[in-house]
Amino acid sequence: MIVDATRVAACVVGLGAEVRVLGVDDPLVGPLVVHVETTNEPVCPGDCWTRPVAKDRQRVELVDLAVFGRPARLCWHKRRWACPNRGCHMVTWTEQNTRIAPARTSMTTRAGRWVTYQVGACARPVSDLATELGRSWHTINDAVIAYGDALLRADVERIGAVWALGLDETLFVRTGTYRSRSWVTSVVDVAEGRLLDLVEGRTAAAAGAWLAGRPQAWRDQIGYATLDLSGPYRAAFTKHLPDATQVADPFHVIRVATQALDEVRRRVQQETLGHRGRKGDPLYRIRRPLTMASERLDDDALTRLKGHLAAGDPHGEVRNAWHAREVVRFIYTDTHPDPAGFVAERADDLQDESCPPEINRVGRTIGKRRREIAAWHDARVTNGPTEAINGLNKRVKRAAFGMRVFKHYRIRALLYAGGVNWDLLATITPR
Ligand SMILES: [Zn+2]
């Protein structure tokens, strides 16, 4: 047990042997202030190896980790030095020590790393940490972005080898008077369900530029490229991953059919009752069960669904569209000896004139994309994990209420879902 008071203080403050604790201010209100100085003997950094003389001191107050549940500040009495060598270009300078804090920052290195882990890995809101450390939202956020950016740059092995790559669009934020929407593209290792990067925009050019920035050998390893049915990502894949098999993502294929089903329901509602769906309307009451997979409905729900269809769907169009959506799902629920042939037949079924026009359109899309859709049976990879990652992104967005800067969003999302090597955090300081 340490009993010497000076050593007790140094031990609790924990910045190592070359930092001496000068004293503590314990105000009635506000953070505890710990005063420290360094004790090492420097040589002139101007390459003249002269021992400098002490000139004066400059106090810098830094946000530090909370002490025993109380916000704390580290007041660093920085020494200023002068070189006595008249021929030397270093006249005076202030000491720097990145173990305490990087130059021109307002937070200690350890506090900066800690908030980065709390926000990045645990998705804690910046505002929580601002309260805990007794400092503004912006101070904490600036530190997370600075350390997070440095960590992502240092983690050069993060992306690694990928054999199945997916591109997916994600709504980033609605801004301005008209709440215009900004989109980002998620680049995902769909085999591992890991977010590789976020790219601003959702164009072929944006995604293509990211792919073009990877080494050729890395791109050559990619065997499968997953995408949605309508997106512009096909062009990016064709240009930059010409040898990868393109796979239509099941999630998006089924969603196209589900959306068509919903369009049919709304059209029939309007045609039969002359108004948009209201609380008591039979088709309005089944809007949710219709979007669910049929096996997830129990017997009662199924009976109710059929009853409401009988009441509100005189020509059986909604029922027909519902059946069509289940047919599309069936592409993925079983193995087929000839997947491409099976998909082509289903596309023909959906284009039959007995189907509503919305479903005919789905049939044409599936017919056109039958190779990519059938390719799933070889690849067995989906953007499903991407959707999970999008869920994480939403969590990060919720935790970061008001986050509108793309760069900040990208760093926070990658810290959370990008498979970062957190062991490196102890070694990095922002530039
Ligand atoms: Zn010098």
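Shown above is the structure to which this text applies.
Residues numbered from 1 in each chain as written. Predicted model: local features only at pLDDT ≥ 70, side-chain atom pairs only at ≥ 80, totals over all residues. Heavy atoms only, no water.

Another aspect to go through is the packing of helix α3 (residues 126–133) against helix α4 (residues 137–154). Following both chains from N to C, one finds α3 and α4 inclined at 115 degrees, their axes separated by 8 Å at the closest point. On the basis of their axis angle, the class for α3 and α4 is roughly perpendicular. Like other packed secondary-structure pairs, α3 and α4 cross with a definite hand, here right-handed. When α3 is examined against α4, the residues Val126, Ser127, Leu129, Ala130 and Leu133 are found in contact with a partner set consisting of Trp137, Ile140 and Asn141. When the residues that make up the contact of α3 with α4 are grouped by side-chain class, the tally is 6 nonpolar, 2 polar and no charged. (Axes fitted to C-alpha atoms, helices over the stretch in contact; angles between N-to-C directions. Helix = DSSP H or I, 4+ residues; strand = E, 2+ residues; numbered from the N terminus. Parallel < 35°, antiparallel > 145°, perpendicular 65-115°, else oblique. Left-handed = near helix turned anticlockwise from the far one by under 90°. Contact = heavy atoms within 4.5 Å. Nonpolar A, V, L, I, M, F, W, Y, C, P; charged D, E, K, R; others polar.)

Turning to the coordination of the zinc ion, a few remarks are in order. Around the zinc ion, the protein supplies Cys44 (SG), Cys48 (SG), Cys83 (SG) and Cys88 (SG) as donor atoms, at distances of 2.2 to 2.4 Å. What the 4 donor atoms of the zinc ion show is an angle range of 102 to 114 degrees at the metal, which sorts the shape as tetrahedral. The motif formed by the donor residues of the zinc ion, counted along the single chain, is C-x3-C-x34-C-x4-C. (Donors = N, O, S within 2.8 Å, 3.2 Å for Na, K, Ca; no water. Tetrahedral: all angles 85-135°; square planar, octahedral: opposite > 155°, others 65-115°.)

Here we take up the environment of Tyr224. Structurally, the position occupied by Tyr224 is in strand β9 (residues 224–227). Separated by 26 residues in the primary sequence, Tyr224 and Pro250 have C-alpha atoms spaced 14 Å apart. Every residue in contact with Tyr224, bar those within four places of it in the chain, is listed here: Trp163, Ala164, Leu165, Ala244, Thr245, Val247, Asp378, Ala379 and Val381.

Moving on, we get to helix α18 (residues 406–417). With 12 residues, α18 should cover 16 Å at 1.5 Å per step; its first-to-last C-alpha distance of 16 Å lies within 8% of that length. Of all 12 residues that make up α18, 9 are buried, and the element is covered over most of its length. With its phi angle positive at about 65 degrees, Gly419 sits one or two positions after the end of α18. (Expected span 1.5 Å × (residues − 1). Buried < 20%, exposed > 50% of the residue type's maximum accessible area, 1.4 Å probe, protein only.)

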